[in-house]
Amino acid sequence: MLRYLYDAISGAGRQSLSVEGIDRLISNAAHSTLLTRRRSRIILARIRFLSIVFFLALLIGFLADLYAFPRETYEMLGICRGLIALLFLALFFGISNGETMRDAYRALGIFFAILLTFQALFQPLLDVTDISSISGVAAAGYVLFPFLIAVCFGLFPLTVKEVVLALVLFFTVQVMILILLPEQANPHQRLGIFLVLVVVGILSSLSAISQLLYLSLLVDQASIDSLTQCYSRNSGEEIIDVQFKIAKREKSPLSVVFVDLDNFKAINDRYGHDAGDRVLAVAATHMRRNGRGSDVLIRWGGEEFVILLPNTDIQGAVQSIRRLRNIGLGTRPGGDFMTASYGIAEMQTSEANSWTALIDLADDQMYQAKSRGGNDISCGGNIENPKAKFNDS
């Protein structure tokens, strides 16, 4: 069933199904830093756009209500419209600086809370008990408003867990509103409205999940280096920027390792670029296997890589690279072991004021290791031995 749903949403063949792909659709726990940031930005941007759209629509609705309802009802609806319009305007300006999923969840919750509050306010005022008696565009618009809320779910890239939680809350509110309708309301119409809402909600949920799938595929295509399956430099810089801000805000350690494969040019010159590509791919595989789930491997350019180690101090980074040297980076075409020069820098101890400065420091340390003949580790920072040499070969 999961395979069928995945293929139906993605439009791809069965070969596209993977555990990682399914996990990313079910929960955000499997999302990369890059996917999380792009998704949060999309959600916040769309909420801002919808907020201003609803704000303008509510203002225009004053004129429609004027010709559709008696004065007393019009005045009460006008108060409701004015209050909700101000809330949408406040939401539009309130999320201008957000860019995290926490900001996105908060904005989503406020957005749908405003919509449901408006429905809860106008529902008793209109006292609609028979859909067949509805006349006029304005009155019909109020009746169709719950379906508009359900459709809005399909406008955001959401996981299965997020969609299920949202629908449960939405249908709970709708059931409560239907229960509070006057007793003379047609029970068959109540049930019909609810069933149609369920169908619309399910279809909107599929749209939300499919948006997440396509977004994740686009992020992968744009951010992953096809040869080494590492992050490309552009996407890697964005991830480093995010992690640097998090580490600075939380005052947590953040280490980067600049890696340069030793004498790589000789491989291309003697054996050709195809052989060099194979060496790069194998070396990247070993570096990826050595890392933790939170570590990020970036192909910086040519034979250079950057390893990002969140929540890792400089001693932990050295231990990780020593472990990598024991595992090895594969072999050269001639049969010799592939080696590399490693430069390590840590944000807190180096007191780097930007992620670019931290990368430059790790790059300088790498060149120090390279100047000693390669196959070496060098680290920098305000520690007891700021430019220590770790040559344990």
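A quick note: this is a predicted structure, and the numbers were derived from the prediction, not measured. (Residues numbered from 1 in each chain as written. Predicted model: local features only at pLDDT ≥ 70, side-chain atom pairs only at ≥ 80, totals over all residues. Heavy atoms only, no water.)

## Overview of the overall build of the protein
Part 1 of the reasoning: Counting its secondary structure elements, the protein contains 14 helices and six strands.
Part 2 of the reasoning: For the protein, the residues scored as buried account for 46% of the 393 residues in total.
Part 3 of the reasoning: Nonlocal contacts in the protein, meaning residues at least 24 apart in sequence, comprise 72% of its contacts between residues at least 6 apart.
Part 4 of the reasoning: A total of about 20,000 Å² of accessible surface is found on the protein, and carbon and sulfur atoms cover 60% of it. (Helix = DSSP H or I, 4+ residues; strand = E, 2+ residues; numbered from the N terminus. Buried < 20%, exposed > 50% of the residue type's maximum accessible area, 1.4 Å probe, protein only. Contact = heavy atoms within 4.5 Å. Areas by Shrake-Rupley, 256 points an atom, 1.4 Å probe, with all protein chains shown as cover.)

## Digging into unusual backbone geometry
Part 1 of the reasoning: One non-glycine residue, N263, adopts positive backbone phi at about 50 degrees.
Part 2 of the reasoning: For N263, the position within the fold is in the loop between strand 1 (254-261) and helix 10 (264-271).
Part 3 of the reasoning: Despite not being glycine, E351 shows a phi value in the positive range, around 55 degrees.
Part 4 of the reasoning: On the secondary structure map, E351 appears in the loop between helix 13 (347-350) and helix 14 (355-371).
Part 5 of the reasoning: A relative accessible area of 63% means that E351 is categorised as exposed.

## What about the pattern of salt bridges?
Part 1 of the reasoning: What the rule picks out here adds up to 17 salt bridges.
Part 2 of the reasoning: Between E238 and R38 there is a salt bridge; the shortest N-O distance is 2.8 Å. In this pair, E238 is assigned in helix 9 (residues 233-250) and R38 in helix 3 (residues 33-68), connecting sequence segments 200 residues apart.
Part 3 of the reasoning: The class of R38 is partly exposed, set by a relative accessible area of 28%.
Part 4 of the reasoning: Its salt-bridge partner being K370, residue D260 comes within 2.5 Å of it at the nearest N-O pair. Placement of D260 in strand 1 and of K370 in helix 14 is noted, with a sequence separation of 110 residues between them.
Part 5 of the reasoning: For D260, a relative accessible area of 8% gives the class buried. (Salt bridge = Lys/Arg side-chain N within 4 Å of Asp/Glu carboxyl O.)

## Here's the deal with the packing of aromatic side chains
Part 1 of the reasoning: Scanning the model with the defined rule gives 15 aromatic pairs in all.
Part 2 of the reasoning: Considering the side-chain rings of F92 and F93, the 5.0 Å spacing of their centres and the 85 degrees angle between planes classify their relative orientation as edge-to-face.
Part 3 of the reasoning: Judged by relative accessible area, F92 falls into the buried class, the value being 17%.
Part 4 of the reasoning: Look at F93 and you get exposed, because its relative accessible area is 54%.
Part 5 of the reasoning: Taken together, a centroid distance of 5.6 Å and an interplanar angle of 75 degrees make the contact between F153 and F170 edge-to-face. Of this pair, F153 sits in the loop between helix 6 (137-152) and helix 7 (160-179) while F170 sits in helix 7; the two residues are 17 residues apart in sequence, bridging distant segments of the chain. In this pair, the class of F153 matches that of F170, namely buried. (Phe/Tyr/Trp six-rings, centres within 6.5 Å; stacked < 30°, edge-to-face > 60°.)

## Focus: the packing of helix 3 against helix 9
Helix-helix packing is characterised by the crossing angle of the two axes and by the distance between the axes.
Part 1 of the reasoning: Running from N to C, helix 3 and helix 9 point in directions that differ by 80 degrees, and their axes come no closer than 9 Å. Here helix 3 lies roughly perpendicular to helix 9, going by the angle between them. Between helix 3 and helix 9, the contacting residues are T33, L34, R37, R38 and R41 on the first element and S235, E238, I239, D241, V242, Q243 and K245 on the second.
Part 2 of the reasoning: For the contact of helix 3 with helix 9, the residue count by class is three nonpolar, three polar and six charged. (Axes fitted to C-alpha atoms, helices over the stretch in contact; angles between N-to-C directions. Parallel < 35°, antiparallel > 145°, perpendicular 65-115°, else oblique. Nonpolar A, V, L, I, M, F, W, Y, C, P; charged D, E, K, R; others polar.)

## Some words on the nonpolar core
In globular proteins that are soluble, nonpolar side chains generally tend to be buried together.
Part 1 of the reasoning: Grouped together as the largest cluster of nonpolar side chains are 48 residues, with contacts concentrated most on I47, F88, F111, F112, L115 and F156.
Part 2 of the reasoning: If you list the elements that add at least two residues to this core, you get helix 3, helix 4 (71-94), helix 5 (101-126), helix 6, helix 7 and helix 8 (187-223).
Part 3 of the reasoning: Of all the elements, helix 5 adds the most residues to this core, at 12 residues.
Part 4 of the reasoning: Leave out the neighbours within four places in its chain, and L115 touches F54, F88, F145, I149 and C152. (Core = buried A, V, L, I, M, F, W, Y, C linked by side-chain atoms within 4.5 Å.)

## What about the packing of helix 11 (residues 273-290) against helix 12 (residues 314-327)?
Part 1 of the reasoning: Running from N to C, helix 11 and helix 12 point in directions that differ by 135 degrees, and their axes come no closer than 10 Å. With respect to helix 12, the axis of helix 11 lies oblique. Considering only the axes of helix 11 and helix 12, their crossing is right-handed. Residues H286, M287 and N290 of helix 11 touch helix 12, and the partners they reach there are S320, R323, L324 and I327.
Part 2 of the reasoning: Of the residues assigned to the contact of helix 11 with helix 12, the class counts are three nonpolar, three polar and one charged. (Left-handed = near helix turned anticlockwise from the far one by under 90°.)

## Details of the side chain of R325
Part 1 of the reasoning: As for its position among the elements, R325 is in helix 12.
Part 2 of the reasoning: Assessed through its relative accessible area of 16%, R325 is described here as buried.
Part 3 of the reasoning: A distance of 2.9 Å separates a polar side-chain atom of R325 from the backbone oxygen of N375. (Polar contact = N/O pair within 3.5 Å; in protein donor to acceptor, adjacent residues only side chain to side chain.)

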